[in-house]
Amino acid sequence: QVQLVESGGGLVQPGGSLKLSCAPSRIMFSNYIIVWYRQAPGKQRELVAQIFKSGSTNYEDSVKGRFTISRDNAKNTAYLEMKSLKPEDTAVYYCGAQSSIYSSVNYWGQGTQVTVSS
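Residues numbered from 1 in each chain as written. Predicted model: local features only at pLDDT ≥ 70, side-chain atom pairs only at ≥ 80, totals over all residues. Heavy atoms only, no water.

Student: I'd love a proper account of the environment of Leu 85, names of residues and values included.
Tutor: Counting through the fold element by element, Leu 85 comes out in the loop between β8 (77-82) and β9 (91-98). Judged by relative accessible area, which is 2%, Leu 85 ranks as buried. Note: C-alpha distance between Leu 85 and Tyr 32 (53 residues apart in sequence) is 28 Å. If we ignore the near neighbours within four places in the chain, the residues touching Leu 85 are Val 12, Pro 14, Gly 15, Gly 16, Ser 17, Leu 18, Arg 66, Phe 67 and Val 116. (Helix = DSSP H or I, 4+ residues; strand = E, 2+ residues; numbered from the N terminus. Buried < 20%, exposed > 50% of the residue type's maximum accessible area, 1.4 Å probe, protein only. Contact = heavy atoms within 4.5 Å.)

Encoded structure:
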């Protein structure tokens, strides 16, 4: 059974930084598009960032310039580095692995809570 395990969430003050990690069992991340979604209370899950097999990236407009998605194929781990955090970034963050741009997300992590508050 494939599992994606996220870590790195927590409570941070506005303007602070966090780095989320996502590591899978039983699959190689290099074969997948890696995505990070988030879901705030009462809102739909939204795509935050994605990194393709080529290494190219795409970001949701509100996080451009503040968030960086990356992957380390040698460690079989993906990351989401978040800087200049705002209260509106508060959400549960989920990583996912997607086999192609034509498919839905094949595997999801369990989610990690990020809370931005003073």
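Student: Lay out the state of the cysteines in plain terms, naming residues and giving numbers.
Tutor: Should the sulfur atoms of two cysteines be covalently bonded, the bond is a disulfide. Scanning all chains against the criterion turns up one disulfide. Two residues share a disulfide in this structure: Cys 22 and Cys 95, whose sulfurs sit 1.9 Å from each other. In this structure, the disulfide formed by Cys 22 and Cys 95 twists by about 50° around the S-S bond and is classed as right-handed. Residue Cys 22 is located in strand β3 (residues 18-25), and its partner Cys 95 is located in strand β9; the two are separated by 73 residues in the primary sequence. Like Cys 95, Cys 22 is buried. (Disulfide = S-S within 2.5 Å.)

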